[in-house]
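# Secondary and tertiary structure notes
Residues per chain are reported as follows:
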Amino acid sequence: MAKAKRKRATAKPGRRQAAAKPRPRSHIERRQDAQDKLMRAAIALLVERGYAGFSTIGVAARAGVSRGARENYYKTKYDLIEAAWQAALTRAETDAQLLANNILVSADPVEDFVSNSASFFLGEDYLAMLELAMAARTDARIERIFHALFRENRKRHDRVWIDAFVRAGYAKADVARFVAVANCLFRGAALMAAFGLPKARYRKVVAELRAMAQTILLR
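Keep in mind it's a predicted model, so treat the numbers as computed, not measured. (Residues numbered from 1 in each chain as written. Predicted model: local features only at pLDDT ≥ 70, side-chain atom pairs only at ≥ 80, totals over all residues. Heavy atoms only, no water.)

## Focus on helix α2 (residues 27-49)
Taking 1.5 Å as the rise per residue, α2 with 23 residues should run 33 Å; its terminal C-alpha atoms sit 32 Å apart, in good agreement. Of the positions making up α2, those classed as buried are A34, Q35, L38, M39, A41, A42, I43, A44, L45 and L46. If you follow the buried residues of α2, they end up packed against α3 (56-63), α4 (67-73), α5 (77-101) and α7 (124-135). Just downstream of α2, G50 is the residue with a positive phi angle, here 75 degrees. (Helix = DSSP H or I, 4+ residues; strand = E, 2+ residues; numbered from the N terminus. Expected span 1.5 Å × (residues − 1). Buried < 20%, exposed > 50% of the residue type's maximum accessible area, 1.4 Å probe, protein only. Contact = heavy atoms within 4.5 Å.)

What follows is the structure, given as structure tokens:
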């Protein structure tokens, strides 16, 4: 009787361990994971070393991905840069859409818009984009990538917030003007942050933007 109990006691942990064994990842999942690591490593390297210190070898090493795998996914430096840039813009658009979707018709989206814009423009993704934007001045291939992605994503991203403001009762023309002014102010704040100027300076800019919203936007 005691032996039977011991057998049951030792059998249970084994069954639990077998049930907890993780499912092997598919080829598609492994590929997606490697690509995501490479794109995030590319952004991090641009922020840390700038475009001058950017290399596909450095990105692969930082991502923990072999050089052969990197070449399989992104054959050139420009392929990797375009993918990383697109991923960063898509993240920004998705974050904005999720936030804007939660705004009720009676709600005021100004604070959500300002907070979302500050998070994007003063974050690492945009700092990496600034590095590439400067490189686009002298690198024709970077310039083509920059303008194509900017035209495609920036308008969609702005439309997310314009639609949210219109749902909240604001005039579309006023909203478009406010969003355009806000984008310019935040780009300036991003440059100030990139040069390491005190955060208090661009916080004042953000505060001015909130005050401007009261005069530009009328329900």
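That covers the picture; the talk isn't over yet.
## A closer look at the pattern of salt bridges
Scanning the model with the defined rule gives 10 salt bridges in all. A salt bridge links K37 to D33, with the nearest nitrogen and oxygen atoms 3.3 Å apart. Note that K37 and D33 are positioned in helix α2 at a spacing of 4 residues, about one turn of the helix. Accessibility expressed as a relative area gives 40% for K37, which makes it partly exposed. Residue D33 is classed as partly exposed on the basis of its relative accessible area of 26%. Of the charged contacts in the structure, one is a salt bridge between R154 and D158, with a shortest N-O distance of 3.0 Å. (Salt bridge = Lys/Arg side-chain N within 4 Å of Asp/Glu carboxyl O.)

## Quick look at empty space enclosed by the protein
The tally for this structure, following the rule as stated, stands at 1 cavity of 30 Å³ or more. Computed from the structure, the largest cavity encloses a volume of approximately 40 Å³. Lining the largest cavity, in full, are L89, A92, E93, F120, N153, R154 and H157. When grouped by side-chain class, the residues that make up the lining of the largest cavity number 3 nonpolar, 2 polar and 2 charged. (1 Å grid on protein atoms, 1.4 Å probe; cavity = no way out; pocket = protein on both sides within 12 Å on 5 of 7 lines; lining within 4 Å. Points joined across faces, edges and corners; volume = space filled by probe spheres on them. Nonpolar A, V, L, I, M, F, W, Y, C, P; charged D, E, K, R; others polar.)

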